Amino acid sequence: MNSNPLRTRLAGLELRNPTALASGILGYSAESLQRIAEAGAGAVVTKSVGLTPRVGYPNPTVVQASGGIINAMGLPNPGIEAYAGEIRHAKTVLAVPLIVSVYGYSAEEYATVAKAAATAGADAVELNVSCPHVKETGSEIGQNPALLKDTVRKVKAAVRKPVIVKLSPNVTDIVQLAQAAATAGADALTAINSVRAIAIDVETAQPILSNKRGGLSGPAIKPIALRCVYDISEKVKTPIIGCGGIATWQDAVEFLLAGASAVQIGTAIALKDPAVFTTINRGIAAYLKKKKHRSIKEIVGQAHRN
Amino acid sequence: MSDKLTATNTLRATRILSVKTESPTTKTFTFKDKLCAKAKPGQFLMLWIPRVDEIPLSIMNTEGTSVSVTVKAVGDATQALHKMKSGETVGLRGPFGNNFTENTSRVLMVGGGTGNAPLLFLAKRLAAKAKRLALVIGAKTKNELLFLNQLEALCTEQSTIATTEDGSYGLKCLATEPLDKLLNKEKFDMIYACGPEPMIRQVFDLTEKRGIPMEASLERLMRCGIGLCGSCVIGKYRVCRDGPVFTAAQLREVKDELGISKLGFDGNRIPL
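None of these values were measured; they are calculated from a predicted model.

Engineer: Please provide a residue-by-residue account of the overall build of chain B, values included.
Structural biologist: Scanning chain B from N- to C-terminus turns up seven helices and 17 strands. Compactness check: chain B gives a C-alpha radius of gyration of 18 Å against a globular reference of 19 Å for 272 residues, within 12% of the reference. Of all 272 residues assigned to chain B, the portion counted as buried reaches 51%. Long-range pairs, those at least 24 residues apart, make up 65% of the contacts in chain B with a sequence separation of at least 6.

Engineer: Just give me the short version of the sheet that holds strand E14 (residues 213-217) of chain A, but keep the residues and values in it.
Structural biologist: Backbone hydrogen bonds hold the strands of a sheet together, and the pairing may be parallel or antiparallel. Residues and elements named next belong to chain A. Strands sit in the order E5-E6-E14-E11 across an open sheet of four strands; the sheet is antiparallel. At either end of the open sheet lies a strand with only one pairing partner, and these are strand E5 (62-65) and strand E11 (195-198). Averaged over all pairs of adjacent strands, the angle between their axes in this sheet comes to 40 degrees, without regard to strand direction. Bridging between strand E6 (residues 68-71) and E14 involves three bridges; their strand directions are antiparallel. Across the sheet, the residue bridging to Ile70 is Leu216, located in E14.

Engineer: Tell me about the packing of helix H5 (residues 145-158) of chain A against helix H6 (residues 174-183) of chain A, and name the residues and values.
Structural biologist: All names here are of chain A. Their axes nearest at 8 Å, the elements H5 and H6 cross at an angle of 30 degrees. Classified by the angle their axes make, H5 and H6 are roughly parallel. The hand of the H5/H6 crossing is right-handed. In this structure, H5 uses Pro145, Leu148, Lys149 and Val152 to contact H6, whose residues at the interface are Gln176, Leu177, Ala180, Ala181 and Thr183. Here the residues of the contact of H5 with H6 sort into six nonpolar, two polar and one charged.

Engineer: An account of the environment of Val102 of chain A is requested, with residue identities and associated values reported.
Structural biologist: All names here are of chain A. Among the secondary structure elements, Val102 is positioned in strand E7 (residues 98-102). Its 32 C-beta neighbours within 10 Å are what place Val102 among the buried residues. Spatially, the C-alpha atom of Val102 lies 21 Å from that of Asn211, the residues being 109 residues apart in sequence. Ignoring any residue separated from it by four or fewer positions in sequence, one finds Val102 in contact with Ser48, Val49, Tyr110, Val113, Ala114, Ala117, Val125, Leu127 and Asn128.

Engineer: Tell me about the interface of chain B and chain A, residues and numbers included.
Structural biologist: In this complex, chain B contributes 30 residues to the contact, which on the side of chain A involves 39 residues. Of all elements in the fold, only helix H1 (3-9), strand E4 (53-63) and strand E6 (89-96) of chain B reach the threshold of two or more residues within the side of chain B that touches chain A. Within the side of chain B that touches chain A, the residues separate by chemical class into 14 nonpolar, eleven polar and five charged.

Engineer: Can you lay out the pairing of E11 of chain A for me, pointing to particular residues and giving the numbers?
Structural biologist: All names here are of chain A. Burial of the side chains of E11 is restricted to one face: Val195 and Ala197 are buried, whereas none of Arg196 and Ile198 on the reverse face is. Across four bridges, E11 lies against E14 in antiparallel orientation. Bridging from a neighbouring strand, Ala197 pairs with Gly214 of E14.

Engineer: Which residues make up helix H3 (residues 116-126) of chain B, and what are the values?
Structural biologist: Buried residues dominate H3 of chain B, accounting for nine of its eleven residues. Buried within H3 of chain B are the following residues: Asn116, Ala117, Pro118, Leu119, Leu120, Phe121, Leu122, Ala123 and Leu126 of chain B.

Engineer: Residue-level account of the environment of Glu257 of chain B, with values.
Structural biologist: Residues and elements named next belong to chain B. Its location among the elements puts Glu257 in the loop between helix H7 (248-253) and strand E16 (261-263). Overall, the presence of 23 C-beta atoms within 10 Å leaves Glu257 in the buried class. Not counting chain neighbours up to four residues away, the residues in contact with Glu257 comprise Ile234 and Gly235.

Engineer: So what's going on with the domain arrangement of chain B? Residues and values would help.
Structural biologist: All names here are of chain B. Segmenting chain B into domains produces domain 1 (3-95) and domain 2 (106-271). Contact with domain 1, which involves 18 residues of that partner, is made by 17 residues of domain 2. Put simply, the parts of the chain that give the side of domain 1 that touches domain 2 at least two residues each are H1, strand E1 (12-23), strand E3 (44-49), E4 and strand E5 (66-72). It is E4 that contributes the most residues to the side of domain 1 that touches domain 2, five residues altogether. In terms of residue class, the side of domain 1 that touches domain 2 is built from eight nonpolar, seven polar and three charged.

Engineer: Could you give me a rundown of the pairing of E3 of chain B, with the residues and numbers involved?
Structural biologist: Residues and elements named next belong to chain B. For E3, the buried fraction is high: six of the six residues fall into the buried class. Neither face of E3 is left uncovered, since the one carrying Phe44, Met46 and Trp48 and the one carrying Leu45, Leu47 and Ile49 both have all their residues buried. Relative to E4, E3 runs antiparallel, the two being bridged by six bridges. Counterpart to Trp48 in the pairing with E4 is Glu54. Pairing geometry for E3 and E6, over four bridges, is antiparallel. When the bridges of E6 are listed, Trp48 appears paired with Gly91.

Engineer: Let's hear about unusual backbone geometry: which residues, and what values?
Structural biologist: A cis amide bond links Ala191 of chain A with the next residue in sequence, Ile192 of chain A, at an omega value of 15 degrees. In this model, Gly94 of chain B is joined to Pro95 of chain B through a cis peptide bond whose omega is 0 degrees. Considering the arrangement of structural elements, one finds Pro95 of chain B in strand E6. Backbone geometry at Ala11 of chain A places phi at a positive 50 degrees, although glycine is not the residue there. Along the polypeptide, Ala11 of chain A turns up in the loop between strand E1 (8-10) and strand E2 (13-15). By the C-beta count within 10 Å, which is 22 here, Ala11 of chain A ends up buried.

Engineer: Please set out the sheet that holds E5 of chain B residue by residue, giving values where relevant.
Structural biologist: Residue and element names in this part refer to chain B. Pairing is antiparallel around the closed barrel formed by six strands, whose spatial order is E1-E2-E5-E4-E3-E6. Geometrically, the sheet is characterised by an average inter-axis angle of 45 degrees between neighbouring strands, direction not taken into account. Docked against the sheet, H3 engages E4 and E5, running at close to 25 degrees with respect to E4.

Engineer: Could you give me a rundown of helix H2 (residues 80-93) of chain A, with the residues and numbers involved?
Structural biologist: An α-helical turn contains 3.6 residues, so any two residues separated by three or four positions project in the same direction. Residues and elements named next belong to chain A. Between the first and last C-alpha of H2 there are 19 Å, a value that for 14 residues agrees with the 20 Å anticipated at 1.5 Å per step. Of all the positions in H2, only Ile80, Tyr83, Glu86, Ile87 and Ala90 are classed as buried. The buried residues of H2 occupy one face: seen down the axis, they fall within an arc of 110 degrees. Those residues of H2 hidden inside the fold are in contact with helix H1 (30-38), E7 and helix H3 (107-120).

What counts as what
- Each chain carries its own residue numbering, running from 1 in the direction its sequence is written.
- Lettering for chains starts from A, numbering for ligands starts from 1, and both go in the order in which the items are written.
- Reporting of local features is limited, given that this is a predicted model, to residues whose pLDDT is at least 70; pairs of side-chain atoms are given and counted only at 80 or more, and all residues count toward the totals for whole chains, interfaces and linings.
- Each helix is a run of H or I in the DSSP string that is no shorter than four residues. Each strand is a run of E no shorter than two, and both are numbered from the N terminus.
- Throughout, the radius of gyration refers to the C-alpha atoms, and the reference size of a globule is 2.2 Å times the residue count to the power 0.38.
- Buried, partly exposed and exposed are defined by the number of other C-beta atoms within 10 Å of a residue's own C-beta, namely 20 or more, between the two limits, and 12 or fewer respectively, with C-beta atoms placed from the backbone.
- Whether two residues are in contact depends on their C-beta atoms, placed from the backbone: they are in contact if these lie within 7 Å.
- For two strands to count as paired, DSSP must find a minimum of two bridges between them.
- Think of each axis as a best-fit line through the C-alpha atoms, taken over the contacting stretch in the case of a helix, with angles from 0 to 180 degrees between the N-to-C directions.
- Angles below 35 degrees are treated as roughly parallel, those above 145 as roughly antiparallel, those between 65 and 115 as roughly perpendicular, and all remaining angles as oblique.
- When the near helix sits turned anticlockwise from the far one by under a right angle, the crossing is termed left-handed; a clockwise turn instead gives a right-handed crossing.
- Only Asp, Glu, Lys and Arg are considered charged, only Ala, Val, Leu, Ile, Met, Phe, Trp, Tyr, Cys and Pro nonpolar, and every remaining residue, Gly among them, polar.
- Domain limits in this description derive from either an automatic procedure or a database domain assignment.
- Expected span of a helix, by definition, is 1.5 Å for each gap between consecutive residues, and there is one gap fewer than residues.
- The directions considered for the arc run from the helix axis to the C-beta atoms.

Quick look at the structure:
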């Protein structure tokens, strides 16, 4: 029956493979999402969308660091009312689940946007409670267990689709936040969002990003993300989606062994192009075969058992 | 992380070597930068104007270890840049994107505005090699016909047509009018176009009905420059990474947007 060993279920979503496009990468338009799906992703997550349009920050919004990229886009998005049309369009062309990333300035706002996204056809919503570079949204909620619980509960009450919570690494104890989200009913947890960072130009002696601080992504944060997943999966039963610096099949397998049921890929698209999804999936399939496993599930969390 | 991308994408602070006024609204800036000096015609760089902005600019020339861009003062960033003098510090990353193929048969270039800058870069490469190199360029008025003399000198003799909307030089019409007639008269193996997108759309429509191969360089709002953020998409393509040069076959795929709409800074579609 299960001839495709990569097939997996996550928070009620049927995935043909455990790789998804991470939020913030491409993901404005249905055509971009479709291209990523055609390149091999098992699911796609949109850019974060809020109640009203946001133009984001002026450039520079991206700066190269060693082993990664620091970005402070500032959550540019057309607002959920306009974006609902794109969600509907995407649903007509996508052959994989569409996860809409949402943000808000209050628990109620998260719920309103999530409801509108679900109504437009989102297969799931991912709550961005961890944006490292916009004040009063995201990380202010994602760093506070009580606020996080309240937000997840209000969203869960507003939508019938799976609710995924994207956690911030910019906290003292990510496990505490993961537990808060799980207790409030999160269907899955994405770990992690980008790591707060800065880059300074020595010639002009000033921060390069217009927002000064941004979020570091890419290979540099992989060991941090992996440790977060390992820690969370030790204490929390809710499925985890690993995210942070995944660029090779070995990276993806490490996250699965650490306890993630699926992974998200973002920055690697700049390093290797969208075909990175196919390359990674082939590698995971070959690994499963070599290790005589019939499905992804068999290796999820294996590093804790050995 | 790919070493090549890391090097290309790393911001390099550099001083402005020289500034040259090309027209009342346009200046050429030259910088020393080893990586960008290896750029091919059609590629672009990201220029950081400290405390102001970072903008994508087509490369107009390379020479030794220096690179030049031609910039029209149209917004805050370009106006701030126009106020800068040689010796002042800017930042560069790049070169990014693909380049024009270098067809050496019968080639026609169609340009408008600062779009003439990358065409000049291309013409320098093709001048000695192409069987025929012809040009049609248009502008609002005479002193905006950028690089007319340099381009004319590089093209095959008697092969340049210039148009102005106010009739101050050449034919008083849009560049696409004489282009239509030229294409009826003469056979070309490749058309290279760069300029305002409505012009590119018309060039595309004219070449499409005759089945002539074409490459056009497109422009969009850009943020990351490396194919991640999605700000510059047209259809399924990222202008910064899959372009900025697109073939006729690719332009056909994005016909619903070409010359019609682009994404604004908030990701909403806005008319061009």
